[in-house]
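# Observations on chain architecture
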Amino acid sequence: MTEPLAGIPAGRADAERGLRGIVMPQSIRTRRMILEPFAMHHLHGFAEFFGDADSTRHIGGVADRAGTLDRMARFSGLWRIYGMGCYALTDERGRLYGYAGIWFPHDWPEPEIAYGLLPDARGDGRAAEAVRAVKSIAEAVGIPSLISTIAPENAGSQRVAQAVGATRGRRVEINGAAADIWHHQMSPAAADRDEEVMLDSSVMPLRIRTRRLLLTQWRPDHFPRLAAHLADAQSMRFLGGPQSLHTASRSFIQRAGMWHLRGYGMYAVEHEGRFIGSVGLWHPLNWPCPEIGYSLTADARGEGFAAEAVAAVREVAAEQGLSRLVSFIDPDNAASQGVARRVGAVLDGTTSIAGNTVQVWRHQPEAAAGRPRIHELEPAL
């Protein structure tokens, strides 16, 4: 039985259970706007938003374009994991106004309506219009409760909450900062759960099965073991160091969100139904190209699982036309270098990424030529 993770708010599990089987529509129209999931063509507009100090002072501070993509992926990842998430707000001509939708990382007690507008889109009621639309749809599909977490000094967001009928509750501390919990009054409606959200990938398949492994999309039950892995100092020695619950939750959502934005990403890897790590294509904005990334939990190493999964991803990627793939590896990471050698990758110099010198291991798709397929593609569930 999985033990609850330290730091996860009481009631989180009940809130998560209340969302099972619920799906939000992927397009909502209001009087003046279209609400749709984030896409790569929104990057320029959101880079303006996340690059503005005033817009971001209550949500983590400014970010460059690479950081903007990371945040877009976090918002988008909830669609893959829970069937709901944040929407980009645009008009018929494609002008971007901001975002609004559902936000539910693991250090949040229950799902919230999050929202933010570009500076020149404020002051004419668009935030309240979007929040009312999200709340109305959430009621219709059966989401039982929604909050908004608002900094005490964030007068603009408080005005929006008041305009849509939310009421201020208790003050809490989230990731070291004070926030007021505003409760949205829900009027449950008959839920229509027949509509399915079609999750399809234009580049990589959503599931791959090898001889021993299943490479699949991210689910809520993957998080406890992923969080433990990300918190392990030895496992994360070459990957930025151990992560807190706050950071791990966003890393988890971000992994799912990259699939939504790019059409490929990191798979959750399972062995006999148990999560053992992540392997797949990783491509932040400040990466020179997509790489095959891999990281397994400590109790899954030494069995050849990493090489088996990497070889399958490389083989499928080559079939999809992604033949120029590399892995970026720390010069001191002998274990990852060993995996690269076992799958036929060759060392091709070094490069600098985010200020760190890494080795470039270039994969050879032709190494699998003439060999039997090592994988089978599976339809999305």
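This report concerns the structure included in the present document. (Residues numbered from 1 in each chain as written. Predicted model: local features only at pLDDT ≥ 70, side-chain atom pairs only at ≥ 80, totals over all residues. Heavy atoms only, no water.)

## Structural notes on the overall build of the protein chain
When you go through the protein chain residue by residue, the secondary structure sums to 10 helices and 17 strands. Against the 2.2 N^0.38 benchmark of 21 Å for 381 residues, the protein chain shows a C-alpha radius of gyration of 21 Å, consistent with a compact globule. Each principal axis of the C-alpha distribution contributes one length, and for the protein chain these read about 65 × 40 × 40 Å. In the protein chain, the share of contacts with a sequence separation of at least 24, taken over all contacts with a separation of at least 6, comes to 67%. In the form shown here, the protein chain has an accessible surface area of approximately 17200 Å², with 50% of it arising from carbon and sulfur atoms. Of the side chains in the protein chain, 41 bear a positive and 42 a negative charge, and the two mean positions are spaced by 1 Å. (Helix = DSSP H or I, 4+ residues; strand = E, 2+ residues; numbered from the N terminus. Rg over C-alpha atoms; globule rule 2.2 N^0.38 Å. Contact = heavy atoms within 4.5 Å. Areas by Shrake-Rupley, 256 points an atom, 1.4 Å probe, with all protein chains shown as cover. Lys, Arg positive; Asp, Glu negative; His and termini not counted. Charge placed at Lys NZ, Arg CZ, Asp CG, Glu CD.)

## Describing unusual backbone geometry
At N175, a residue that is not glycine, the phi angle is positive and equals roughly 55°. Tracing the sequence through the fold places N175 in the loop between β7 (167-174) and β8 (177-184). For E272, which is not glycine, the phi dihedral falls at a positive 55°. With respect to the secondary-structure elements, E272 resides in the loop between β11 (266-271) and β12 (274-282).

## Re the packing of aromatic side chains
Enumeration according to the criterion identifies 13 aromatic pairs in this entry. For the ring pair F75 and W103, a centre distance of 5.3 Å and an interplane angle of 70° mean the geometry is edge-to-face. Taken as a pair, F75 in helix α4 (residues 65-82) and W103 in strand β4 (residues 96-103) lie far apart in primary sequence, 28 residues in all. In this structure, F75 and W103 share a single accessibility class: buried. Pairwise contacts between aromatic rings join F38, F46, F49, F50, F75, Y99 and W103 into one cluster. One cation-aromatic arrangement involves R12 over F104; the distance from NZ or CZ to the ring centre is 3.6 Å. In this structure, R126 is placed above the aromatic ring of Y97, and the distance from its NZ or CZ to the ring centre is 4.0 Å. (Phe/Tyr/Trp six-rings, centres within 6.5 Å; stacked < 30°, edge-to-face > 60°. Buried < 20%, exposed > 50% of the residue type's maximum accessible area, 1.4 Å probe, protein only. Lys NZ or Arg CZ within 6 Å of the ring centre and 35° of its normal.)

## Re the environment of L19
As for its position among the elements, L19 is in the loop between α1 (12-17) and β1 (28-29). A relative accessible area of 4% means that L19 is categorised as buried. C-alpha separation for the pair L19 and P111, spaced 92 residues apart in sequence, amounts to 9.2 Å. Excluding residues within four positions of it along the chain, L19 makes contact with M84, F104, P111 and I143.

## Topic: the side chain of K135
Mapped onto the secondary structure, K135 falls in helix α5 (residues 126-141). Discounting residues that sit within four places of it in the chain, K135 has contacts with I113, H184, Q185 and M186.

## Topic: the pairing of strand β16 (residues 356-362)
Relative to β16, strand β14 (residues 326-329) runs antiparallel, the two sharing four bridges. By the bridge assignment for β16, F328 is matched with V360. Two strands pair when backbone bridges link them, and strand β15 (residues 346-353) and β16 are joined in this way by six bridges, in the antiparallel orientation. Looking at the pairing, S352 lines up with T357 of β16. Taking the residues that link successive antiparallel strands as the turn, the β15-β16 hairpin has two residues, and the phi of A354 there is positive, at about 50°. (Pairing = 2+ DSSP bridges.)

## Digging into the pattern of salt bridges
Per the stated rule, a full pass over the model turns up 20 salt bridges. For the salt bridge of R93 with D91, the shortest nitrogen-to-oxygen distance reads 3.5 Å. The class for D91 is buried, based on a relative accessible area of 8%. Residues joined by salt bridges that share partners form a network here, namely R32, D124, R126 and E129. (Salt bridge = Lys/Arg side-chain N within 4 Å of Asp/Glu carboxyl O.)

## Quick word on the packing of helix α2 (residues 43-50) against α4
The geometry of α2 relative to α4 is characterised by a closest axis approach of 9 Å and an angle of 105° between their N-to-C directions. When the axes of α2 and α4 are compared, the pair comes out roughly perpendicular. Here L43, H44, F46, A47 and F50 of α2 come into contact with α4, specifically with R65, T68, L69, R71, M72 and F75. Class assignment for the residues of the contact of α2 with α4 results in seven nonpolar, two polar and two charged. (Axes fitted to C-alpha atoms, helices over the stretch in contact; angles between N-to-C directions. Parallel < 35°, antiparallel > 145°, perpendicular 65-115°, else oblique. Nonpolar A, V, L, I, M, F, W, Y, C, P; charged D, E, K, R; others polar.)

## What about the environment of G85?
Relative to the elements of secondary structure, G85 occurs in the loop between α4 and β3 (86-90). For G85, a relative accessible area of 0% translates into the label buried. Between the alpha carbons of G85 and M72 there is a distance of 11 Å; along the sequence they are 13 residues apart. Ignoring sequence-local partners within four residues, the contact set of G85 consists of F75, L78, W79, G101 and I102.

## A look at the pairing of strand β5 (residues 112-117)
With six of six residues buried, β5 is to be regarded as a mostly interior element. In β5, alternate side chains face the same way, and those of E112, A114 and G116 on one face and I113, Y115 and L117 on the other are all buried. Of the strand pairs in this sheet, β4 and β5 are connected by six bridges, and their pairing is antiparallel. The partner of A100 across the bridge, within β5, is Y115.

By themselves, these observations are geometric and do not establish any function.
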